[in-house]
Amino acid sequence: MDLIGFQIFDFSIGVPSVSITRYGVTFNKSTVLELGSPEYVRLFIKRDAKLIALRNCEKYDKNAVKFCRPKKLGVTSVRWNHGGLLNELRGLLKSDLNMHGFRVSGNKVDCGTILFDLNTAKPLA
């Protein structure tokens, strides 16, 4: 069989997601890989729609935050423990996060942006 036009499926890239717990916000390895392992990102929040977006940026862009710190053994997840961000997300999720956290799948909207819809958040077991 001729496989012209087919693309090889890459099992190393799964679904980008973010986990939100009382201890922090964690972007999974797939999120890091889909964004291209950027050193800096900016986080955008659209409160009325309960959306967050993560976008690649440069170190000197306004509100740039350190994101990817490559490990010796490769890419890993990224965890933020910022109290202000956790408070913001608690409010959007209408949860104190003490009973359980949430996982939200993301969608790549362009080569440097992933969108997370908090309306689709699923409780972590």
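Our subject is the structure that appears above.
In this text the structure is predicted, and so the values were computed from the model without any measurement.

Rules used in this analysis
Residues numbered from 1 in each chain as written. Predicted model: local features only at pLDDT ≥ 70, side-chain atom pairs only at ≥ 80, totals over all residues. Heavy atoms only, no water. Helix = DSSP H or I, 4+ residues; strand = E, 2+ residues; numbered from the N terminus. Buried < 20%, exposed > 50% of the residue type's maximum accessible area, 1.4 Å probe, protein only. Contact = heavy atoms within 4.5 Å. Pairing = 2+ DSSP bridges. Polar contact = N/O pair within 3.5 Å; in protein donor to acceptor, adjacent residues only side chain to side chain. Phe/Tyr/Trp six-rings, centres within 6.5 Å; stacked < 30°, edge-to-face > 60°.

Digging into the side chain of Thr31
Inference 1: In this fold, Thr31 is placed in helix 1 (residues 29-35).
Inference 2: Here Thr31 falls in the buried class, since its relative accessible area comes to 0%.
Inference 3: Those residues within four positions of Thr31 in sequence are excluded, and the remaining contacts are Pro16, Ser17, Leu54, Ile114 and Phe116.

Regarding the pairing of strand 4 (residues 51-57)
Inference 1: Here strand 4 lies mainly inside the structure; five of its seven residues are buried.
Inference 2: The pairing of strand 3 (residues 40-46) with strand 4 spans seven bridges and is classified as antiparallel. Of the residues in strand 4, the one forming a bridge with Arg42 is Arg55.
Inference 3: Where strand 3 folds back onto strand 4 in an antiparallel hairpin, the turn is made up of four residues, including Lys50, whose phi is positive at roughly 60°.
Inference 4: Both strand 4 and strand 8 (residues 113-117) contribute to a ladder of five bridges, which runs antiparallel. When the sheet's bridge partners are listed, Leu51 is paired in strand 8 with Asp117.

Details of the environment of Arg79
Inference 1: Along the chain, Arg79 falls in strand 6 (residues 78-80).
Inference 2: Separated by 42 residues in the primary sequence, Arg79 and Ser37 place their C-alpha atoms 14 Å from one another.
Inference 3: Not counting the four nearest positions on each side in its chain, Arg79 is found in contact with Thr21, Tyr23, Gly24, Val25 and Thr26.
Inference 4: A polar contact of 3.1 Å, which involves the side chain of Arg79, links it to the backbone oxygen of Tyr23.

Comments concerning the packing of aromatic side chains
Inference 1: Across all of its chains, the model carries four aromatic pairs by this definition.
Inference 2: Their ring planes at 75° and their centres at 5.2 Å tell us that Phe27 and Trp80 sit as a pair that is edge-to-face. Of the two residues, Phe27 sits in strand 2 (residues 24-27) while Trp80 sits in strand 6, which places them 53 residues apart along the sequence.
Inference 3: Classification of Phe27 as buried rests on a relative accessible area of 1%.
Inference 4: Judged by centre distance (6.0 Å) and plane angle (75°), the rings of Phe67 and Trp80 are edge-to-face. Of this pair, Phe67 sits in the loop between strand 5 (65-66) and strand 6 while Trp80 sits in strand 6, and the two are 13 residues apart along the sequence. As far as burial versus exposure is concerned, Phe67 and Trp80 are alike and both buried.
Inference 5: Put simply, the rings of Phe27, Phe67, Trp80 and Phe116 touch in pairs and so form one group of aromatic residues.

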